[in-house]
Amino acid sequence: MESLSSEHDRLAGEQRTLRLRILGLNAVEAEATFDRIARLAASFTHAPLAMVNFINDERQMFRGMYVPTSSPEETANADGGGIPFDLSNLAREAPGDYGFCPHVVAQQTQLALEDVFDYPRFKGNPLVNDLGVRSYLGTPLRDNTGMILGTVCVADFKPRAWDRQLRQGMHELTETLLSEFRLRDSLLAQQQELFAVFDGAPFPIMLTEGPEHLLRYANGRQGQAFGMVRQFSPGRQVLPGLDAVGVFNAMDDALATGRPTTVPQVALRTCDAPMPQDFSFLCTPVRTSPGAPFKGVLTVAMNTSGQGYAGAEPQAFAANVQQQFERLGGGPLSD
């Protein structure tokens, strides 16, 4: 029975991770929407610590956080109150089994601990020793499909009662995020329509996400030339030929500078030709709303052997794609 439960948890973790990747939430980054929800949770519960926590199959990611600040001289009160530690630089991630939120996700129900010391199961949790947490209220965070992606939680450094009104309020606050997930799904659908245009392009195209260059999309010519790879695979690992000629270094530069970067003509063996082909690459940073940070890179490969394409054509194509993404007004690759 235990092995079946373990297998169920593993599969659920994998499904949750995939959903977080699709929504663009599988990373440790602060996001204004979720920080605002954390502040609201702390405000109406009068709790000093609040988080919007997304949990994948490896770690917890606090994309929304509200923490107290204290000076090094401040210490906890004798009755267990006060702020025993300076949490102003608290990390926005934790191991997958740390704290109480994983229990909320596993049990799929709200968890209210009025005094952690009253529960032998939770008393020895590292969260108690590391942060001095004595009470906790965590609510499952469901997306618009009903999948639990993590929690919205609050905690205090002293024992306290979480009455019915506070528990219900946390449920209602968590449900306000449904509109955020619906918006992301709507923008994803619009992105898929844009990708359909890429499918007919005569040159290899791929769209990657984040500093690991996770492959979000590749058109047919990309797969024919450089090999088919799974979605969300880390680019450097699954496309070593492109890494060897400096394509991913150029993508790093594009993300860092916010400017297109090129790889001059290089010879590459492709999957669809018996002899090496000459290619140049244009790596264009992509953001999905004006002023948002660059989160992705659109890479277009230009075959300069024999039947090539004028350099201006892929450049114009990349510029048009950038404009199309910004018209979407946000989405999984946005801030």
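Residues numbered from 1 in each chain as written. Predicted model: local features only at pLDDT ≥ 70, side-chain atom pairs only at ≥ 80, totals over all residues. Heavy atoms only, no water.

J.: Tell me about the pairing of strand S6 (residues 148-156), and name the residues and values.
T.: Taking burial as the measure, the 9 residues of S6 include 9 buried ones, the bulk of the element. Pairing of strand S1 (residues 49-55) with S6 involves 6 bridges; the strand directions are antiparallel. Each bridged residue has a counterpart across the sheet, and for alanine 50 the counterpart in S6 is valine 154. Two successive antiparallel strands, strand S5 (residues 135-142) and S6, enclose a turn made up of 5 residues, where glycine 146 displays a positive phi of approximately 95 degrees. (Buried < 20%, exposed > 50% of the residue type's maximum accessible area, 1.4 Å probe, protein only. Helix = DSSP H or I, 4+ residues; strand = E, 2+ residues; numbered from the N terminus. Pairing = 2+ DSSP bridges.)

J.: Tell me about the sheet that holds strand S9 (residues 261-268), residues and numbers included.
T.: Pairing within the open sheet is antiparallel, and its 5 strands lie in the order S8-S7-S11-S10-S9. Sheet topology places strand S8 (214-218) and S9 at the edges, where each strand pairs with a single neighbour. The average angle at which neighbouring strand axes cross in this sheet is 25 degrees, direction not considered. Pairing analysis gives 8 bridges linking strand S10 (residues 277-286) to strand S11 (residues 296-303), with the strands arranged antiparallel. Bridge pairing in S11 links cysteine 283 to threonine 299. In this fold helix H7 (residues 178-199) packs onto strand S7 (205-209), S8 and S11, with an angle of close to 60 degrees to the strand it touches most, S8. Together, S7, S9, S10 and S11 form the strand contacts of helix H11 (residues 247-257), whose direction differs from that of S10 by roughly 20 degrees. (Axes fitted to C-alpha atoms, helices over the stretch in contact; angles between N-to-C directions. Contact = heavy atoms within 4.5 Å.)

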